[in-house]
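Observations on the three-dimensional arrangement
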Amino acid sequence: MTKIFVAGATGYIGKNVVKSALEQNFKVVIATRKVSADFDLKDQNLKVVEISKSDNSWIENLQGIDVFISCLASRSGEPKDARSVDFKLNKLLLEKAKRIKCSQFILLSAICVQKPRLAFQFEKLAFEKELKKSGLNFSIIRPTAYFKSLSGQIENIKKGKPYVYFGNGELTQCNPISEKDLSLFILSCVTDKNKWRKILPIGGPNQSLTPKNVGEMLFEVFEVTPKYKSFPTKLLDAIRLLLLIAAPFSSWAKSKSELIKIAKYYATESMLIWDENKLCYDPFKTPSTGEDTLEQYFHAIKKQRIELEIDRDSKLY
Ligand SMILES: NC(=O)c1ccc[n+]([C@@H]2O[C@H](COP(=O)([O-])OP(=O)(O)OC[C@H]3O[C@@H](n4cnc5c(N)ncnc54)[C@H](OP(=O)(O)O)[C@@H]3O)[C@@H](O)[C@H]2O)c1
């Protein structure tokens, strides 16, 4: 029975990878910083390693693993955090994988690293490079946008507030992927040799959507009268400039300036394949998988069949 270690198992994608892996009868090892109600600790096929707060010695407790899957991500996206999680922690796991002669390492990365400008993107790319030269069987998965990242304005529009976008609401596009479809894609890399030693950009089965399309969908699903508010992206530049002026005197301003840089990136760059020759994003070249659509997801939230989960990026799309 294949034994998989899932790093970042308490995260949005990680916990779904664990769930799907157990459903597919893999033996699963996870490492957590906190007890999570998401897992059935009585499951014979699940083993939990506790992460020590002071150092990375917990990595030594990983033994007999056949496949490493890393869904790690820095929670803040700030440069220091990105360095220590997206690069350093992943590198320690890779070294451990090599030491115990594990032959396969699957990395959850992000499609936005194809046009890197942000600290966390450079750290992800630096680790991708380490992984590619490691000699292990690697699969680097670069997903488009997650459903949770398009859900940040649901509570606002339900309260009658406007849906906010930048420019004309059509500056960017994405074809989002559900956490279940992505988890199944990640697990398919364990056995599908066509996905080994490859970088795999991947989106969902939806047509590509602009922020305005997402707003229209939300108003229709939640049956609220549409109301929109647009901001110019220059506003983000102006806020960032003020924060950068204050940055030498305030660590708060410094960290917020990186977050505004992230906001500007998502307000202006699409989560699709970038065509280097045509110098544009191409929805038709972005591979897709799965069957879950964003509209079904919004309906499920409305009917409270699933819990609304949002992240720090979600107000930026
Ligand atoms: N949001 C999007 O639309 C999008 C699109 C494409 C790609 N991505 C990428 O997908 C990846 C996963 O995203 P996600 O939303 O599933 O991430 P997430 O929910 O933020 O989960 C991050 C995971 O990493 C763990 N972690 C962070 N720092 C750690 C540390 N120092 N030691 C041990 N564990 C640590 C977290 O543990 P705790 O629970 O203990 O904090 C959590 O399990 C990221 O690389 C992201 O960039 C995101």
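This report concerns the structure included in the present document. (Residues numbered from 1 in each chain as written. Predicted model: local features only at pLDDT ≥ 70, side-chain atom pairs only at ≥ 80, totals over all residues. Heavy atoms only, no water.)

1. A word on the site of the ligand
This is how it is decided: Residues are labelled near a given molecule or strand when at least one of their non-hydrogen atoms is within 4 Å of it. In the analysis that follows, any N or O atom pair within 3.5 Å is treated as a polar contact, provided that within protein one partner can donate a hydrogen and the other can accept it, and provided that, for residues neighboring in sequence, both atoms belong to side chains. Residue-level accessible areas treat just the shown protein chains as cover; the underlying method is Shrake-Rupley with a 1.4 Å probe. Strands here mean DSSP runs of E at least two residues long; helices mean DSSP runs of H or I at least four residues long; both are numbered from the N terminus. Polar here means any residue other than Ala, Val, Leu, Ile, Met, Phe, Trp, Tyr, Cys and Pro, which are nonpolar, and Asp, Glu, Lys and Arg, which are charged; Gly is therefore polar. Domain delimitation follows an automatic or database domain assignment.
Neighbouring residues of the ligand: 27 residues in total, closest Thr10, Lys124, Thr144, Tyr146 and Lys148. Between the ligand and Gly8, the relevant distance is 3.2 Å, taken from an oxygen atom to a main-chain nitrogen or oxygen of the residue. Within the backbone of Tyr12, an N or O atom sits 2.9 Å from an oxygen atom of the ligand. Computed on the free molecule, the ligand has an accessible area of 940 Å², of which 88% lies beneath the protein chains in the complex. Of all the elements in the fold, those that place two or more residues in the shell around the ligand are helix H1 (12-23) and helix H2 (79-99). A class-by-class count of the residues in the shell around the ligand yields 15 nonpolar, 6 polar and 6 charged. Looking at which domains feed residues into the shell around the ligand, each of domain 1 (3-143) and domain 2 (146-177 + 204-317) gives three or more.

2. Some remarks on the layout of surface pockets
Applicable threshold: Here a cavity is any set of points on a 1 Å grid over the protein atoms alone where a 1.4 Å probe fits but cannot get out, and a pocket is any open set with protein on both sides within 12 Å along at least 5 of 7 lines; a residue lines the site when it has an atom within 4 Å of a point. Grid points are joined across faces, edges and corners, and a volume is the space filled by probe spheres set on the points.
Here the second largest pocket defines a volume of roughly 610 Å³. Taken together, the elements giving at least two residues each to the lining of the second largest pocket come down to H1, helix H5 (179-191) and helix H9 (294-302). No other element matches H1, which puts 6 residues into the lining of the second largest pocket. Mapping the lining of the second largest pocket onto the domain boundaries places at least three of its residues in each of domain 1 (3-143) and domain 2 (146-177 + 204-317).

3. Structural notes on a negative patch on the surface
Put simply, the rule reads: Candidate patch residues must exceed 30% relative accessible area and have no salt bridge, after which like charges are joined if within 9 Å and Val, Leu, Ile, Met, Phe, Trp or Tyr side chains if within 5 Å. Salt bridge criterion: a side-chain nitrogen from Lys or Arg within 4 Å of a carboxyl oxygen from Asp or Glu. The charge count treats Lys and Arg as positive and Asp and Glu as negative. His and the chain ends do not count. Taken as the charge location is NZ of Lys, CZ of Arg, CG of Asp or CD of Glu. Only protein chains enter the accessibility calculation, which uses a 1.4 Å probe. A residue is then buried if its area is under 20% of the maximum for its type, exposed if over 50%, and partly exposed in between.
Among the surface-exposed residues, Glu170, Glu216, Glu220 and Glu295 lie close enough to one another that they form a single negatively charged patch. Residue class for Glu216 comes out partly exposed when judged on its relative accessible area of 37%.

4. Details of the sheet that holds strand E8 (residues 198-202)
Operational definition: Think of it this way: DSSP has to see at least two bridges between two strands before they count as a pair. Note on geometry: axes are C-alpha line fits, over the in-contact stretch for helices, and angles between N-to-C directions span 0 to 180 degrees.
Strand order in the open sheet formed by 7 strands is E3-E2-E1-E4-E5-E6-E8, and the pairing between neighbours is parallel. On the outer flanks of this sheet lie strand E3 (46-50) and E8, each paired with one strand and no other. Strand-to-strand twist in this sheet, taken as the mean axis angle between neighbours without regard to direction, amounts to 20 degrees. Pairing of strand E1 (residues 3-7) with strand E4 (residues 67-70) involves 4 bridges; the strand directions are parallel. In the sheet register, Ala7 faces E4, and the bridge partner there is Ser70.

5. A closer look at the packing of H2 against helix H3 (residues 119-132)
We apply this condition: Any angle that falls under 35 degrees is termed roughly parallel, while one over 145 is termed roughly antiparallel, one within 65 to 115 roughly perpendicular, and all others oblique. Definitions for this section: a left-handed crossing has its near helix turned counterclockwise from the far helix by less than a right angle. A right-handed crossing has that turn clockwise. By definition in these notes, contact holds between two residues if any of their heavy atoms fall within 4.5 Å.
The N-to-C vectors of H2 and H3 enclose an angle of 15 degrees; their axes lie 8 Å apart at closest approach. Here H2 is positioned roughly parallel relative to H3, judged by the angle of their axes. Considering only the axes of H2 and H3, their crossing is right-handed. Where H2 abuts H3, its residues Pro79, Ala82, Arg83, Asp86, Phe87, Asn90, Lys91 and Leu94 lie against Ala119, Phe120, Glu123, Lys124, Ala126, Phe127, Glu130 and Leu131. The residue makeup of the contact of H2 with H3, split by class, is 9 nonpolar, 1 polar and 6 charged.

6. What about the pairing of strand E6 (residues 137-143)?
Just so we agree on the cut-off: The crossover handedness rule: strands pointing away from the viewer, path from first strand over the helix to second strand clockwise, crossover right-handed.
Counting buried positions over the 7 residues of E6 gives 7, a clear majority of the element. As judged from the 5 bridges shared by strand E5 (residues 104-108) and E6, these two strands associate in the parallel manner. From the neighbouring strand, Leu108 faces E6, where its bridge partner is Ile141. Crossover E5 to E6 through H3 is right-handed.

7. Description of helix H6 (residues 211-221)
The set of residues buried in H6 consists of Pro211, Val214, Gly215, Met217, Leu218, Phe219 and Val221. In this structure, the buried side of H6 is in contact with helix H4 (154-158), strand E7 (163-166), strand E9 (228-231) and H9.

8. A closer look at a positive patch on the surface
On the surface, Arg33, Lys34, Lys53 and Arg75 cluster together into a positively charged patch. Mapped onto the secondary structure, Lys53 falls in the loop between E3 and E4. You can call Lys53 exposed: its relative accessible area is 80%.

9. Concerning H3
Counted only if it meets this: The span one expects for a helix is its residue count, reduced by one, times 1.5 Å.
In this model, H3 (14 residues) spans 20 Å end to end at C-alpha, consistent with the 20 Å of a helix rising 1.5 Å per residue. Taken together, the buried positions of H3 are occupied by Ala119, Phe120, Gln121, Glu123, Lys124, Phe127, Glu128 and Leu131. Buried residues along H3 sit in contact with H2, E5, E6, E8 and helix H8 (251-268).

10. A short note on unusual backbone geometry
At Arg197, a residue that is not glycine, the phi angle is positive and equals roughly 55 degrees. Turning to its location among the elements, Arg197 is positioned in the loop between H5 and E8. For Glu223, which is not glycine, the phi torsion reads 50 degrees and is therefore positive. Turning to its location among the elements, Glu223 is positioned in the loop between H6 and E9.

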